Amino acid sequence: MALLQISEPGMSTAPHEHRLAVGIDLGTTNSLVASVRSGVAETLDDDNGQALLPSVVYYAQGELPEVGVTALEKSSKDPLNTIASIKRVLGRSAEDIQSANDYIPFQFENKIDSVPRVKTAHGPRTAVEISADILIALKDRAEKTLGGELIGAVITVPAYFDDSQRQATKDAATLAGLNIYRLLNEPTAAAIAYGLDQSAEGVIAVYDLGGGTFDVSILRLRKGVFEVMATGGDSALGGDDFDHAIANWAIEKLDSTIREDDITMRRVLSAARQAKEALTNQSAVVINVEGYASLELTQEDFEWLIEAYVKKTIMACRRALRDADIEKDDVSEVVMVGGSTRVPLVRKQVEKFFDKMPHTDINPDRVVAIGAAIQAGILAGNKPGDEMLLLDVIPLSLGIETMGGLVEKIVNRNTTIPVARAQEFTTYKDGQTAMRVHVLQGERELVSDCRSLAMFDLTGLPPLVAGAAKIKVTFQIDADGLLSVSAQEVNTGVSASIEVKPSYGLTDAEIENMLKASMDHAQEDMVARGLREEQVEADRVVEALNSALVKDGEALLSSKELESIMNMRDALIEVRNSADNVDQIKQAIKNVETVSEEYVARRMNNSVRSMMQGRKLEEFEQ
Ligand code: ADP
Ligand code: MG
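Below is a summary of the structure that appears in this document.

Conventions we followed
Residues numbered from 1 in each chain as written. Chains lettered and ligands numbered in written order. Predicted model: local features only at pLDDT ≥ 70, side-chain atom pairs only at ≥ 80, totals over all residues. Heavy atoms only, no water. Near = heavy atom within 4 Å. Polar contact = N/O pair within 3.5 Å; in protein donor to acceptor, adjacent residues only side chain to side chain. Areas by Shrake-Rupley, 256 points an atom, 1.4 Å probe, with all protein chains shown as cover. Helix = DSSP H or I, 4+ residues; strand = E, 2+ residues; numbered from the N terminus. Nonpolar A, V, L, I, M, F, W, Y, C, P; charged D, E, K, R; others polar. Pairing = 2+ DSSP bridges. Axes fitted to C-alpha atoms, helices over the stretch in contact; angles between N-to-C directions. Buried < 20%, exposed > 50% of the residue type's maximum accessible area, 1.4 Å probe, protein only. Core = buried A, V, L, I, M, F, W, Y, C linked by side-chain atoms within 4.5 Å. Contact = heavy atoms within 4.5 Å. Phe/Tyr/Trp six-rings, centres within 6.5 Å; stacked < 30°, edge-to-face > 60°. Expected span 1.5 Å × (residues − 1). Bend = angle between axes of the 7 residues up to and from the residue. Parallel < 35°, antiparallel > 145°, perpendicular 65-115°, else oblique. Left-handed = near helix turned anticlockwise from the far one by under 90°.

Attention now goes to the site of ligand 1. In the vicinity of ligand 1 there are 18 residues, among which Gly 211, Lys 276, Glu 277, Thr 280 and Gly 339 approach most closely. At a separation of 2.6 Å, an oxygen atom of ligand 1 approaches a polar side-chain atom of Glu 277. The separation between a nitrogen atom of ligand 1 and a polar side-chain atom of Thr 280 is 2.7 Å. Surface burial for ligand 1 is 92%, taken as the share of its 580 Å² of free accessible area covered by protein chains. For the shell around ligand 1, the secondary-structure elements that each account for two or more residues are helix 6 (239–254) and helix 7 (262–278). Here the shell around ligand 1 gets 3 residues from one element, more than from any other, and that element is helix 7. A breakdown of the residues in the shell around ligand 1 according to their chemical character gives 1 nonpolar, 12 polar and 5 charged.

Read across the sheet, 4 strands follow the order 22-25-26-27 without closing on themselves; strand pairing throughout is antiparallel. With one partner strand each, in any of the chains shown, strand 22 (419–425) and strand 27 (495–500) form the two edges of the open sheet. The average angle at which neighbouring strand axes cross in this sheet is 15°, direction not considered.

Residues Leu 483, Val 485, Ala 487 and Glu 489 of strand 26 (residues 483–489) are buried on one face, while the alternating residues Ser 484, Ser 486 and Gln 488, pointing to the opposite face, are not. Sheet topology note: the strand 25 (residues 471–477)/strand 26 ladder contains 7 bridges and is antiparallel. The partner of Gln 476 across the bridge, within strand 26, is Ser 484. In this sheet, strand 27 lies alongside strand 26 in antiparallel orientation, the contact comprising 6 bridges. By the bridge assignment for strand 27, Leu 483 is matched with Val 500. Counting the residues that bridge the hairpin from strand 26 to strand 27 gives 5 residues, and of these Gly 493 lies at a positive phi of roughly 80°.

Let's shift gears to the nonpolar core. Grouped together as the largest cluster of nonpolar side chains are 50 residues, with contacts concentrated most on Ile 218, Ile 287, Leu 297, Val 346 and Phe 354. It is helix 8 (residues 299–324) that contributes the most residues to this core, 10 residues altogether. Not counting chain neighbours up to four residues away, the residues in contact with Ile 287 comprise Ile 246, Trp 249, Ala 271, Ala 275, Ala 293, Ser 294, Leu 295 and Leu 297.

Each aromatic ring pair is described using two quantities: the centre-to-centre distance and the angle formed by the ring planes. Applying the stated criterion across every chain, the model contains 4 aromatic pairs. Measuring from centroid to centroid gives 6.3 Å for Phe 242 and Phe 302, while their planes differ by 80°, and the two rings are edge-to-face. Residue Phe 242 is found in helix 6, and its partner Phe 302 is found in helix 8; the two are separated by 60 residues along the sequence. Pair check on accessibility: Phe 242 and Phe 302 agree, each one buried. Members of the aromatic cluster, joined through ring pairs, are Phe 242, Phe 302 and Tyr 309.

Glancing now at helix 8. Given 3.6 residues to a turn, an α-helix orients residues that are three or four positions apart in the same direction. The end-to-end C-alpha separation of helix 8 is 35 Å, in line with the 38 Å expected for 26 residues at 1.5 Å each. Its axis deflected by about 50° at Ile 306, helix 8 carries its strongest bend there. Directly beyond the C-terminal end of helix 8, a positive phi value near 60° is found at Asp 325.

Let us now look at the packing of helix 13 (residues 559–578) against helix 14 (residues 582–595). At a minimum axis separation of 9 Å, helix 13 and helix 14 run at an interaxial angle of 165°. Our classification of the angle between helix 13 and helix 14 gives roughly antiparallel. When you trace helix 13 past helix 14, the crossing you get is left-handed. Between helix 13 and helix 14, the contacting residues are Ser 564, Ile 565, Met 568, Arg 569, Leu 572, Val 575 and Arg 576 on the first element and Gln 584, Ile 585, Ala 588, Ile 589, Asn 591, Val 592 and Val 595 on the second. Taken together, the residues of the contact of helix 13 with helix 14 break down into 9 nonpolar, 3 polar and 2 charged.

By themselves, these figures tell us nothing about what the structure is for.
Given below as structure tokens:
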């Protein structure tokens, strides 16, 4: 396997010059910044000694945005100008957000638009702008604490973030004035924080249940090198769902009209969250909502309310193991990440499933930021010679459309990234001077069953006969999961390319559905593919025959011969369009070939003769 060099050669620093680099966990619920100081990675606190910065921004008219605890306090007074959970919509289109059923606690300015803008007292703000406000707060905190300007940052993202979500995260960092070294998957960062690269070889499962996302990653550790074998999870499942489960339960008991009242709704949610967190160390809690009777919630009731969510995470773990092609027993370490892994039922179920005591020693809220800080330190060149290696995987196969509406996969799912793969294609028609490259994502055989990511044209091809042009299509996926596709005609060097940033993200449920559909339809897809391929072959035969007939059909054939060839050709066209099995088309193609055997022979003789004549002429001229 090819090794990656993470620190640039010659970039290592002398011990006295320490470059200020940070790791940032830009969370749905909470964000953190951490840095390596005197060889130890630690989270950086705010003035009040708090490491966790609530990922909440408050926009008051005529004032700078407020971020964190003070913003969170405004949420019940001025909910419409208090933006929380913005990560849920980062890099996603309005259309996608509308059709999703996640709880989106704010209003959009424009409903159907490629860039959703949230209504605030500062006017409409995009998710990138709001995320940048959070990053600015963390950057300011870090520069104040570390006493200098930052030279770079590593920002973490959920493993399942797609290209556009990753790109939006990068855009937010740029807007915040951060130099971003790279994006790092959150579970991978956690494994680094636990220093698991120092231990013996093994397989590590990272279970990350935060406020808004669930990720599970199966990492393999070999000779101090991490490889991500598989990832899974649900980008719309987390502790927020526990809060809502408790809130719904409470509202049913109190007054169902609460739902229509934004402010009380937020109060109930915040009480629900406090109750949930208290249940980590208590067997029962009392929930108080101003103006309503108090309610008691027992651990048992709570577990009953959230059981289905926890089960869902365990199912995703099972899936990830299957994707990694390993058994539960092969997992040597389990790492717990995210505030919601403090919930006793979560710990119990994870331990039961893996039959192993999970790692919980590092604070589960901070472990990701700490891992990111270690990585940032290496990238800044502060730890020369550290060969830590991180490999991630792509969740769905990527490929292009070929004739007949078929998909040719170029990079298979679960391939480790970064990766570059190339494949050669050719033109289909004589004299074709352009080719359309249609980039697709998914496991199915037909274009119509896959997800369209991008499309571009390679134009200015030399008009050659069908099959003579050589077009090399290259897929390149960088360490952050961004895809670029290029197409080049090998002989002339004519090329075109595209950077793929899908207009909306895929949820885990969608990925899962796509995988499931490919398994359910495997047999029929194979039959459909075979049929389409034969249809393409039929078209090619008809095309070639037609172009020959135009050139010399009348010169080389009697009208009777011409007629029988054309009859067979028409029969082939008829069968191509109506056949439901490959053999019928194969037979019709054979019939055309048989009837035109004599014609092909005459054409060959003719072209040999004209070549000879050409040569004689040249010789004569010399
Ligand atoms: P994210 O990665 O989404 O920003 P975090 O990892 O910070 O999320 O986790 C936040 C979630 O953890 C919230 O839903 C919060 O209520 C939950 N949480 C924090 N502490 C506890 C606790 N003691 N018991 C249960 N849940 C908790
Ligand atoms: Mg998190």
